[in-house]
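Commentary on secondary and tertiary structure
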Amino acid sequence: MGGDKNYIRQSAYFYYRQNLIFIFDNYYNFIYNYVMIVKNNLMSDLQQISDSHNKIITVEAASEKNISRALLSLMAEDGRLNRIAKGIYTLPETIPDELYILCLFSDNIIFSHESALFCNGLSERTPFEHSYTIPQGKRLSSSFSKGFKSYYCKQELFNLGKITVKTAFGNEVPCYDAERTICDVIKDKNKMDPEVYLAALKMYSKSENKNLKNLSMYAEKMNIVKKVRSALEVIL
């Protein structure tokens, strides 16, 4: 009789044990599959945001997909996203477009000097640090402008010669045209690399698209007519 009871206990224990293992395995598989689905959907949503926002992911765009700022921060901490600046991220495989990203933070930016030379085809050297001009009295947060070279001009001259160019990534950014850029580099010659400066003047003089009328007009408005004439008289 006692043997029968032990047999029943052992059988019941084995039965419940097997069922618990079965339930646990199925629960684990369910949770795992659920997590993988959520993860894949999350990465799919982030990819869509990136593709539709010039390869960047902003907190605002993510919130429209119900992706929180905290989750973006956690993903950046474990390497699933790159944090470019406050509120701006990219996917790990994405090379950020620094010019375009900087423009997101202010309307008071126009790329100039070394960057404008490169964008206008007046320099073959990719700038080590990009340069921009902002109106006097305006400032950008150092966290955003770090690694960039800042120039200032009077408000009335800020939009003189402003055009739009495409970056190497295909994004449109504000930039000065060739004539305004030549005026700027002549005015700020002491801040320019001598080789870049001289090469730019030579390339401009050989350009079939140079507009000497605009160059003269810009120089007059910037009160640097003598400097421009002196710098270009030998080359032109």
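Keep in mind that what you see is a predicted model, and the values were worked out from it rather than measured. Per chain, residue numbering runs from 1 following the sequence as it is written. Whole-chain, interface and lining totals are the exception, using all residues; otherwise, since this is a predicted model, local features are given only for residues with pLDDT of at least 70 and side-chain atom pairs are given and counted only at 80 or more. To obtain the side-chain values, all non-hydrogen atoms of the structure were included, while hydrogens and water were left out.

Moving on: the packing of aromatic side chains. Working definition: rings of Phe, Tyr and Trp (its six-membered ring) pair if their centres are within 6.5 Å, and the pair is stacked with planes under 30 degrees apart, edge-to-face with planes over 60 apart, and tilted otherwise. For the coordinates displayed, the defined rule picks out one aromatic pair. Pairing Y132 with F148 gives two aromatic rings, centres 6.2 Å apart and planes at 55°, and the pair type is tilted. Of this pair, Y132 sits in strand β5 (residues 131–135) while F148 sits in the loop between α6 (142–145) and β6 (149–153); the two residues are 16 residues apart in sequence, bridging distant segments of the chain. To sort residues, take the accessible area from a 1.4 Å probe on protein chains only and compare it with the maximum for the residue type: under 20% means buried, over 50% means exposed, and anything in between is partly exposed. Residue classification places F148 among the buried residues on the basis of a relative accessible area of 14%. Charge-over-ring placement is defined geometrically: NZ (Lys) or CZ (Arg) within 6 Å of the ring centre, and within 35 degrees of the ring normal. If you follow R180 out to its NZ or CZ, it ends over the ring of Y176, 4.0 Å from the centre. Only DSSP runs of H or I reaching four residues or more are called helices, and only runs of E reaching two or more are called strands; each is numbered from the N terminus.

Moving on, we get to the pairing of strand β2 (residues 82–85). Should DSSP find at least two bridges between two strands, the strands are taken to pair. Note: β2 against strand β3 (residues 88–90), three bridges, orientation antiparallel. Looking at β3, one finds that A85 is bridged to I88. Hairpin connection between β2 and β3: a loop of two residues separates the two successive antiparallel strands, and G87 in this loop has a positive phi of roughly 80°.

What follows is about the sheet that holds β2. Strand order in the open sheet formed by three strands is β1-β3-β2, with antiparallel pairing between adjacent strands. On the outer flanks of this sheet lie β1 (57–58) and β2, each paired with one strand and no other.

What follows covers the nonpolar core. Counting residues in each nonpolar core, the largest one holds 24 residues, and the members touching the most others are I182, C183, I186 and V228. Of all the secondary-structure elements, those providing two or more residues to this core are α7 (178–187), α8 (194–206), α9 (212–221) and α10 (225–232). Among residues more than four places away in sequence, those in contact with V228 are C183, I186, L215 and A219. Counting residues in hydrophobic clusters, the runner-up holds 17 residues, among them A116, I134, V173 and C175. Side-chain atoms within 4.5 Å are what join buried Ala, Val, Leu, Ile, Met, Phe, Trp, Tyr and Cys residues into a set we call a nonpolar core. Contacts were defined at the residue level, with two residues in contact if any of their heavy atoms lie within 4.5 Å.

Note on definitions: salt bridges are taken to be side-chain nitrogens of Lys or Arg within 4 Å of carboxyl oxygens of Asp or Glu. On inspection of all chains with the given rule, the structure shows seven salt bridges. A salt bridge links R80 to D78; the nearest nitrogen and oxygen atoms lie 2.9 Å apart. R125 is the partner of E195 in a salt bridge, and the nearest nitrogen-oxygen pair spans 3.3 Å. A residue pair is termed long-range when its members are at least 10 positions apart, and E195 in helix α8 and R125 in the loop between α5 (113–119) and β5 qualify at 70 residues.

So, about the side chain of S50. Summarising the element assignment, S50 is placed in helix α1 (residues 2–52). Residue classification places S50 among the buried residues on the basis of a relative accessible area of 1%. Leaving out residues up to four positions away in the same chain, S50 has contacts with K55, I56, I57 and L91.

For T181, the position within the fold is in helix α7. Contacts described as polar in this section are N or O atom pairs within 3.5 Å, which, within protein, must combine one atom able to donate a hydrogen with one able to accept it, while residues neighboring in sequence count only if both atoms come from side chains. A polar atom in the side chain of T181 sits 3.4 Å from the backbone oxygen of Y176. Not counting residues within four places of it along the chain, the set of residues in contact with T181 comprises H113, A116, L117, N120 and Y176.

Moving on, we come to the pairing of β5. Counting buried positions over the five residues of β5 gives five, a clear majority of the element. Alternating positions in β5 separate into two faces, S131, T133 and P135 on one and Y132 and I134 on the other, with burial throughout. Alignment of strand β4 (residues 110–111) against β5, held across two bridges, turns out to be antiparallel. Looking across to β5, one finds that F111 is bridged to Y132. In this sheet, β6 lies alongside β5 in parallel orientation, the contact comprising five bridges. Bridging across to β6, Y132 finds its partner in S150.

Throughout, a disulfide means two cysteine sulfur atoms within 2.5 Å of one another. The tally for this structure, following the rule as stated, stands at zero disulfides. The thiol of C119 is not disulfide-bonded; the next cysteine sulfur, from C175, is found 4.5 Å away. For C175, a relative accessible area of 0% translates into the label buried.

Let us now look at the packing of α7 against α10. Axes here refer to lines fitted to C-alpha atoms; in helices the fit is confined to the stretch in contact. Angles between the N-to-C directions go from 0 to 180 degrees. The interhelical angle for the contact between α7 and α10, taken along N-to-C directions, is 95°, at an axis separation of 10 Å. Comparing their axes, α10 and α7 come out roughly perpendicular. Residue-level inspection shows I182, C183, I186 and K187 of α7 in contact with α10, the latter providing K227, V228, A231 and L232. The class makeup of the residues in the contact of α7 with α10 is six nonpolar, no polar and two charged. By the definition adopted for this analysis, an angle is roughly parallel if under 35 degrees, roughly antiparallel if over 145, roughly perpendicular if from 65 to 115, and oblique otherwise. Gly is placed with the polar residues, together with every amino acid not listed as nonpolar (Ala, Val, Leu, Ile, Met, Phe, Trp, Tyr, Cys and Pro) or charged (Asp, Glu, Lys and Arg).

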